[in-house]
Amino acid sequence: MAPNSRNKLILAAAAGVLLLVGCWAVRHDSPPLATATFMDVGQGDAILVAAGRVQALIDGGPGRQVLTGLGRAMPLTDRLIEYVIVTHPHADHVGGLAAVFGRYQVGRLILGGAGAATPEFAALRLAAVAQGVPVSVVRSGDSIRLSDDAALAVVHTAPASILRTSRDINEESLVLLLSVSCPDPGGAAGPASCGQLLLTGDAGAKTEAALLDAGDVPAADILKVGHHGSRQATTYGFLTGVQPRTAVISVGQNYYGHPSPALLKRLAARGIKVWRTDVHGDVVAVFGQAGVSWRSRRGVPP
Amino acid sequence: MLRRLAASSSGTLVAWLLAFFGGVAVHAFDERIWLAAGYWLAAAGCFLVALIALRPRPVPRLLAGAALMFALALWRFDAAIPAADPPDEPVLVATELVGTVSREQRIMSDSATLDLDRVFVCDRTAVGQRDLSALADGGSAADGSCRPLAGVLRLRARAWPIFAYGEVLRWRCLPVRVGLNSGDPFDAQAWLDGVRWRCSTREPLAAIAASERSLPRQLLYGLRSRIRLSVGRLLPEPEASFLLGLLIGDRDGLPPDLVAAFRSTGTSHILAVSGYNVARVAEIFLLLFAAATVRRRRAACFSLAGVLIFAVVAGAEASVIRAAAMGCTALVATVVGRRYSATAALSLAASAMLAFDPLLLRHDVGFQLSFAAVLGLHGLGEPLAKRLTFLPEFLGIRRSAGETLGATLATLPIIILAFGRVPLLGPVANLLILPLIPWIMALGAGGIILAAFWFSVGQLPALAAVWLLRVIETIIGFLASLPFSVELQAGPLGCSMIAGWILLLWYALVKAKPIPLRRPPLPAGLEIEVIEYGSKLQK
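Not measured: the values here are computed from a predicted model.

Reading the values: the criteria
- Residues numbered from 1 in each chain as written.
- Chains lettered and ligands numbered in written order.
- Predicted model: local features only at pLDDT ≥ 70, side-chain atom pairs only at ≥ 80, totals over all residues.
- Heavy atoms only, no water.
- Helix = DSSP H or I, 4+ residues; strand = E, 2+ residues; numbered from the N terminus.
- Polar contact = N/O pair within 3.5 Å; in protein donor to acceptor, adjacent residues only side chain to side chain.
- Contact = heavy atoms within 4.5 Å.
- Salt bridge = Lys/Arg side-chain N within 4 Å of Asp/Glu carboxyl O.
- Buried < 20%, exposed > 50% of the residue type's maximum accessible area, 1.4 Å probe, protein only.
- Pairing = 2+ DSSP bridges.
- Axes fitted to C-alpha atoms, helices over the stretch in contact; angles between N-to-C directions.
- pLDDT = per-residue confidence, 0-100.
- Buried area = accessible area lost by both parts, 1.4 Å probe.
- Disulfide = S-S within 2.5 Å.
- Patch = residues over 30% accessible without salt bridge, like charges linked within 9 Å, V, L, I, M, F, W, Y side chains within 5 Å.
- Areas by Shrake-Rupley, 256 points an atom, 1.4 Å probe, with all protein chains shown as cover.

**Things to note about the side chain of D78 of chain A**
Residue and element names in this part refer to chain A.
Part 1 of the reasoning: Counting through the fold element by element, D78 comes out in the loop between helix 2 (65-73) and strand 4 (80-86).
Part 2 of the reasoning: Looking at D78, its side chain comes within polar contact range of the main-chain nitrogen of L80, at 3.1 Å.
Part 3 of the reasoning: With near-sequence residues (within four places) excluded, D78 lies in contact with R53, Q55 and Y104.

Here you go:
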């Protein structure tokens, strides 16, 4: 090939690559109000809630699989996670967090009332101290504002110090409600809701009953099913109270029979669409002006 | 042919090295001890007699040397065979173990693997809460409640906390013997690493002391740890683990689906530091020094140092040592002004590694694949490329295709025997992704170095590396989703047949002379005059 035509070919190829990259990088769709990514981390929970450039990581799964999920969900140049929230200190919820502290800057570590002497929880506390990350312990009624349109409210937690060891750690899980409001056009009625997501950690029937008795069960479009789809959680009464249209089960290969067939029946009986991280991979709920849309790495629910 | 070989010093050296290789190969078929030190004496005697009697004649010298090397190989193999397992000692049901961390801790997805030496197994009821840290420093339990375990113990435990090299740990578990007769699937790599025991526990491990360990190893592990930390902060996952695989052969953090995609497209080799990576490192150094107008020989010296440092930092695995040995031979040839011979370099590297551990030949698939690939690359690459005339020469596509095809063919019997699966799209996948690898390595290494001084500046090349790594992931993911991977089960005989066929192909391509065409006689009066291209016909 003559040098001249070779140069032309190289120039054309370079121009083509730049054009493709440009088309990919410059998108014109409006950014979502918030997203919630339920990461496929095996048998455990790891949920990244993002609103604008602010991220809150709720639990970190059992191991370093959470890093792959974060790599996919976080913007490439953003190495700061503003909030890391621990629902309770079991290994399948905090096992990957020490690795997260090693890779990302963390703005604040937020704990509920439940405490436990697990090595993973100890490693997390050591990592937080080593990085000088401030730690907050939240109570029911507290709220974490992520952006003008999105906030996380604490619905339930144990009213206790993290220095003690809890007896029933699952039932002391932080229960959080993500509320996304549509931008206020200036009307007198105030901003309308663009979606709500209830995150129940590993809370079971006991917590659900307590919330029902106290009348604290919020209505939500999306429910993150408690305790990886255990038979003991997400009771029929709780579903009646929350009235979700979609449920997400964060589950992996396990010996406990999660998710339980009885629970799947309960969800099906109410016509609730179910996303599962073990089947669909990372599941993303996108909160926009027109409501909630969904995407996943592997297929869609039937 | 023998005379020609004997007349050349490099030919003689290659013949001797091949004789050593042959000795190891012959003994690898039967891994029992044959004659032990007997070979050494017999071969030395024969060689001396041959040398004295036939010294001036090169052919007998060549043969005597080859015989000596062959015998040496047999003796070395005998010496490398581990002693038979001692009879099973009574297993203590209530066991407490003490051991010293002898390698870097490997962190998998939700667990960790620790290699420990100087391991003692103790009767838990007898030792109670007693301080056992003295055991690691050569002490002993006076009451006989503890006894040492020979070899390294591989412990699978929770991922946290992380223990440093040299720390003395105390934990509870029931050790199980690892070996040829343990009944479990044989893990050759662990065995070659000296692992003789394994156990797993979910209970916490306690660090009870820190013992003195080798300073070079401490420095090496410290450097590797710094590289991991820097890459982890610069790049997201899984690209960080991917880059670590390319730079230091550290691939523990890769997600299983990506590992499966690499395997099914025949591209796993890029994740282990191999000859390809070493060659690219040498190239990058040579280019940098050339740009800095350093003289060729001096640049080769610096590159030699760079390759050696890279090999050490990369963990000195079989493939790394082989590749570094070959790369160094090429660079040394440049320094001393000699012609580089790939055959001589490969023979030297293989013999040196087998002299170090002859068991590699039979048990280390990485070693086998690595050598087969280099053989294929050098032996078949060029002749195949000459026949791939339908491919363009632009950007070296034809040469790369020939080399990839040659390496794939040469490794085919080993892949079938070891994995039972042939990725048909392997050559295509390799052809597409290999040109990107040197750029990724250079950008990644540049990012790490720059980030050490100024993190934000280091992010720029690192981000470019992430883009390229994502391009590779997309290509691999797409190709892995296509149904072009064939399950093939073949025993040693079947694989030998395939190897034989590939040898014939090599002979046909390289050695066989073309059959001359029989032309009909020219009609009377007609003459042919051969003229040079471009010259004028002058009568």
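**Regarding the pattern of salt bridges**
Part 1 of the reasoning: A complete count under the given rule lists 15 salt bridges over all chains for this structure.
Part 2 of the reasoning: Where E239 of chain B meets R470 of chain B, a salt bridge forms, and the shortest distance between an N and an O atom there is 3.1 Å. Here E239 of chain B is found in helix 8 (residues 239-248), whereas its partner R470 of chain B is found in helix 20 (residues 455-481), with 231 residues between them in sequence.
Part 3 of the reasoning: Note on R470 of chain B: relative accessible area 27%, which makes it partly exposed.
Part 4 of the reasoning: Connected through salt bridges with shared partners, the residues R64 and R103 of chain A together with E237 of chain B form a single ionic network.

**A short note on the sheet that holds strand 5 (residues 105-111) of chain A**
All names here are of chain A.
Part 1 of the reasoning: Pairing is mixed in the open sheet, where 8 strands are placed in the order 6-5-4-3-2-1-14-15. Unpaired on one side and paired on the other, strand 6 (135-137) and strand 15 (291-296) mark the two borders of the sheet. Across the sheet, the axes of successive neighbouring strands diverge by a mean angle of 20 degrees, strand direction being ignored.
Part 2 of the reasoning: Taken together, the 6 bridges between strand 4 and strand 5 define a ladder with parallel strand orientation. Its bridge partner being in strand 5, V86 is matched across the sheet by L111.

**So, the confidence of the model for chain B**
Residue and element names in this part refer to chain B.
Part 1 of the reasoning: When the pLDDT values of chain B are averaged, the result is 77; 80% of them are 70 or greater.
Part 2 of the reasoning: Strand 11 (residues 485-487) is the least confidently modelled element of chain B, averaging 65 in pLDDT, while helix 20 averages 89, the highest of any element.
Part 3 of the reasoning: In the predicted complex, the global pTM is 0.77; the interface-specific ipTM is 0.81.

**Examining the interface of chain A and chain B**
Part 1 of the reasoning: Across the contact, 28 residues belong to chain A and 25 residues belong to chain B.
Part 2 of the reasoning: At the boundary of chain A with chain B, total buried surface from both sides reaches about 2200 Å², with 60% on carbon and sulfur atoms.
Part 3 of the reasoning: When the buried surface of chain A facing chain B is broken down by residue, R64, L76 and R79 of chain A rank first, second and third, together holding 29% of it.
Part 4 of the reasoning: Run the count over chain A and chain B and you get 3 salt bridges.
Part 5 of the reasoning: Joining chain A to chain B, the criterion identifies 8 residue pairs in polar contact (both at pLDDT 80 or more).
Part 6 of the reasoning: Of all elements in the fold, only helix 1 (3-25), helix 2, helix 4 (97-103) and helix 5 (119-131) of chain A reach the threshold of two or more residues within the side of chain A that touches chain B.

**Details of unusual backbone geometry**
Part 1 of the reasoning: Between H258 of chain A and P259 of chain A the backbone carries a cis peptide bond, its omega angle lying at -10 degrees.
Part 2 of the reasoning: Here P259 of chain A shows up in the loop between strand 12 (246-249) and helix 8 (261-269).
Part 3 of the reasoning: A cis amide bond links E237 of chain B with the next residue in sequence, P238 of chain B, at an omega value of 5 degrees.
Part 4 of the reasoning: Even without glycine at this site, D59 of chain A takes up a positive phi of about 70 degrees.
Part 5 of the reasoning: By the secondary structure assignment, D59 of chain A is in the loop between strand 3 (54-58) and helix 2.

**Here we look at the state of the cysteines**
Residue and element names in this part refer to chain B.
Part 1 of the reasoning: Within the structure shown, the criterion is met by 3 disulfides over all chains.
Part 2 of the reasoning: Across a sulfur-sulfur distance of 2.1 Å, C122 and C146 are joined as a disulfide pair. For the disulfide bridge between C122 and C146, the dihedral angle about the S-S bond is near 110 degrees, and by the sign convention the bridge is right-handed. Of this pair, C122 sits in strand 3 (residues 111-123) while C146 sits in strand 4 (residues 146-149), and the two are 24 residues apart along the sequence.
Part 3 of the reasoning: You can call C146 buried: its relative accessible area is 11%.

**Examining a nonpolar patch on the surface**
All names here are of chain B.
Part 1 of the reasoning: Nonpolar side chains collect at one region of the surface, where V26, W34, L35 and F70 lie side by side and expose about 350 Å² of accessible area between them.
Part 2 of the reasoning: Considering the arrangement of structural elements, one finds L35 in the loop between helix 2 (9-28) and helix 3 (38-54).
Part 3 of the reasoning: Residue L35 is classed as exposed on the basis of its relative accessible area, which comes to 57%.

**Points about helix 8 of chain B**
Part 1 of the reasoning: Within helix 8 of chain B, 10 of the 10 residues are buried, which leaves the element mostly enclosed by the surrounding structure.
Part 2 of the reasoning: Turning to helix 8 of chain B, its buried residues number three or more, namely E239, A240, S241, F242, L243, L244, G245, L246, L247 and I248 of chain B.

**Quick notes on the pairing of strand 6 (residues 167-171) of chain B**
Residues and elements named next belong to chain B.
Part 1 of the reasoning: For strand 6, the tally of buried residues reaches 4 of 5 residues, placing the bulk of the element in the interior.
Part 2 of the reasoning: Direction of pairing for strand 1 (residues 95-101) relative to strand 6: antiparallel, over a ladder of 4 bridges. Bridge pairing in strand 6 links G99 to L169.
Part 3 of the reasoning: The sheet contact formed by strand 6 and strand 9 (residues 206-210) spans 4 bridges and is antiparallel. Paired with E167 across the strands is A210, a residue of strand 9.

**Let's talk about the sheet that holds strand 7 (residues 143-145) of chain A**
All names here are of chain A.
Part 1 of the reasoning: Pairing within the open sheet is mixed, and its 7 strands lie in the order 7-8-9-10-11-12-13. Edge strands, defined here as strands with exactly one partner in the open sheet, are strand 7 and strand 13 (273-276). Sheet twist, expressed as the mean angle between neighbouring strand axes with direction ignored, is 20 degrees.
Part 2 of the reasoning: Sheet topology note: the strand 9 (residues 175-181)/strand 10 (residues 193-199) ladder contains 6 bridges and is antiparallel. Along strand 10, the bridge assignment pairs V180 with G195.

**Focus: the environment of L235 of chain B**
Part 1 of the reasoning: You can see L235 of chain B is positioned in the loop between helix 7 (215-234) and helix 8.
Part 2 of the reasoning: Apart from the residues lying within four places of it in its own chain, the contact partners of L235 of chain B are R79 of chain A together with A240, L243, A462, V466 and L469 of chain B.

**Structural notes on helix 2 of chain A**
Part 1 of the reasoning: Within the sequence span of helix 2 of chain A, burial applies to V66, L67, T68, G69, L70 and G71 of chain A.
Part 2 of the reasoning: Contacts made by the buried residues of helix 2 of chain A are with strand 2 (47-51), strand 3, strand 4 and helix 4 of chain A together with helix 20 of chain B.

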